[in-house]
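# Tertiary structure, described
So the chains spell out like this:
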Amino acid sequence: PVVGVEVASTDGDQLVLRRNRAGGLKILRVPLPFPLHKGVKKAFATPPEDATRGERFRDAALRLVSHQAFEAFVPIWLLLVASWFLFFALTFLGMSGITPPEAEQYWTERSTQVLSALFTYVCTAALPWRLANVAHLESSRVAFAEAVLDKQSGRVGLDFYARPTTSVWFNLPRSARTTIVALLLLNCCFQYAHQMLHFVFNTYNDAFVEFPGSVLLPLTMVLSAACGALGAALQWRAETKLHKADPLRFPPSPFELGKEFWRRWRAGESARLLFKLALRPSSHGASVKATAVSRRVLSPSRAAKRHKLLGATKAVDAREM
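Rules of the game
Residues numbered from 1 in each chain as written. Predicted model: local features only at pLDDT ≥ 70, side-chain atom pairs only at ≥ 80, totals over all residues. Heavy atoms only, no water. Helix = DSSP H or I, 4+ residues; strand = E, 2+ residues; numbered from the N terminus. Buried < 20%, exposed > 50% of the residue type's maximum accessible area, 1.4 Å probe, protein only. Contact = heavy atoms within 4.5 Å. Phe/Tyr/Trp six-rings, centres within 6.5 Å; stacked < 30°, edge-to-face > 60°. Lys NZ or Arg CZ within 6 Å of the ring centre and 35° of its normal. pLDDT = per-residue confidence, 0-100. Salt bridge = Lys/Arg side-chain N within 4 Å of Asp/Glu carboxyl O. Patch = residues over 30% accessible without salt bridge, like charges linked within 9 Å, V, L, I, M, F, W, Y side chains within 5 Å. Areas by Shrake-Rupley, 256 points an atom, 1.4 Å probe, with all protein chains shown as cover. Core = buried A, V, L, I, M, F, W, Y, C linked by side-chain atoms within 4.5 Å.

Broken down by element type, the protein chain carries 12 helices and three strands. A burial count over the protein chain gives 35% of its 321 residues as buried. For the protein chain, contacts bridging at least 24 residues in sequence account for 62% of all contacts bridging at least 6.

For the rest of this paragraph, the subject is the packing of aromatic side chains. Following the criterion strictly, the structure yields 14 aromatic pairs and no others. With a centroid separation of 5.3 Å and 80 degrees between ring planes, the pair formed by Phe73 and Tyr121 is classed as edge-to-face. Placement of Phe73 in helix H3 (residues 68–92) and of Tyr121 in helix H4 (residues 101–138) is noted, with a sequence separation of 48 residues between them. Look at Phe73 and you get partly exposed, because its relative accessible area is 28%. Residue classification places Tyr121 among the partly exposed residues on the basis of a relative accessible area of 30%. Between Trp84 and Phe87 the ring centres are 5.7 Å apart and the planes differ by 90 degrees, which places this aromatic pair in the edge-to-face class. Here Trp84 and its partner Phe87 are both found in helix H3, three residues apart, which amounts to about one turn of the helix. With a relative accessible area of 25%, Trp84 lands in the partly exposed category. Taken together through their ring pairs, the aromatic side chains of Phe85, Phe88, Phe92, Tyr204 and Phe208 make up a single cluster. Above the plane of the ring of Tyr161 lies Arg58, whose end atom (NZ or CZ) is 5.1 Å from the centre.

The topology assignment puts Asp159 in the loop between helix H5 (140–153) and helix H6 (174–200). Residues contacting Asp159, with those up to four places away along its chain left out, are Ala43, His136, Val142, Thr165 and Phe170.

Looking at the secondary structure, you find Ser111 in helix H4. Relative accessible area serves as the criterion here: at 0%, Ser111 is assigned to the buried category. Once the C-alpha coordinates of Ser111 and Ala89 are considered, the two residues, 22 residues apart in sequence, prove to be 9.3 Å apart.

For the protein chain, the mean per-residue pLDDT works out to 76, and 68% of the residues sit at or above 70. This model gives residues 316–321 a pLDDT under 50, and the stretch forms nine contacts once residues within four places in sequence are excluded.

Moving on, we come to the pattern of salt bridges. Inspection of every chain in the model, using the stated rule, returns four salt bridges. Residue Arg141 pairs with Glu55 through a salt bridge whose shortest N-O separation is 2.8 Å. You can see Arg141 sitting in helix H5 and its partner Glu55 sitting in helix H2 (residues 53–65), a full 86 residues away along the chain. Relative accessible area serves as the criterion here: at 33%, Arg141 is assigned to the partly exposed category. Owing to a relative accessible area of 16%, Glu55 belongs among the buried residues under this scheme. As a salt-bridge pair, Asp59 and Arg58 come within 3.0 Å of each other at their nearest N and O atoms. The class for Asp59 is buried, based on a relative accessible area of 0%. The buried category is assigned to Arg58, whose relative accessible area is 16%.

The next thing to look at is the environment of Phe261. The residue Phe261 is located in helix H9 (residues 254–266) in this model. Remark: the alpha-carbon pair of Phe261 and Ala271, spanning 10 residues in sequence, is separated by 8.4 Å.

As a further point, take a nonpolar patch on the surface. Nonpolar side chains collect at one region of the surface, where Phe92, Leu93 and Met95 lie side by side and expose about 340 Å² of accessible area between them. Structurally, Met95 is set in the loop between H3 and H4. Accessibility expressed as a relative area gives 55% for Met95, which makes it exposed.

Moving on: the nonpolar core. Counting 19 residues, the largest nonpolar core has Leu62, Phe160, Trp169, Phe170, Leu172 and Leu242 as its most contacted members. Within the residue set of this core, elements represented by two or more residues are helix H1 (42–45), H4, H6 and helix H8 (213–245). Among the elements that make up this core, the one with the highest residue count is H6 (four residues). Counting residues in each nonpolar core, the second largest holds five residues, with Val81, Phe88, Leu115 and Leu118 among its members.

So, in structure tokens, the structure goes:
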């Protein structure tokens, strides 16, 4: 059982030390957490007794789109997008081998419709969460609770029911969440417009040659992709900033996880162990004990770092005596 957590640093490398009931210090490595924000599902998994019908309907919709079936479909969706995009590129460049040319043009247009449908699916699956956050940002109950907590103990993240939460998303600054949600809603709007245009301009000539389809289709596609990419980039930036401010409370973004993975692999750690840490952590701040690291053969540089870590542990013990 953990009864205390302390942090030390050696050459810029963060070291987490945990003390058990017996008084001994355990060295814990810098976390390699799973790139998912823990705690978000709690915001709609357990509604309070006084929740309205609208709030319960919202929670039911969020539980539906967060079901494991949707998560399991993600790799299939990625495979479909990659496959159909490759097929589109081959037919568009005239390299598919389909004859006559009219048939190849037919499949060029049809492949764009399939790709559009795949991205429309993603927007539709994400729409309940995005709309729920619009209501959350406009909620007077949440705004009042935020004002009270700001005066009492500083900014604290609040979920849909104004309950304090450690979820990364709800702890982002209100202005950042407003901008991100607005961009992601524009992403949905432009994608739906793009999908509707595909029903109107549904031949190769209408979609690729003649005006206005040859202009409106690529324009809505670019605008949708740009809004989605910009929203994702701003969210990554805000979450990374939050993680750096409190790394023991908030997990890093998938990009930061990749950087940490690369750094530790270059330092000589086992890629297999790092993958296990990334996919099966005990919590969002999961770490591997130094004893697990010491079981592997240490390079001279790693052994030197290990010596520094043990020195940091002794220094903490010395301060407490």
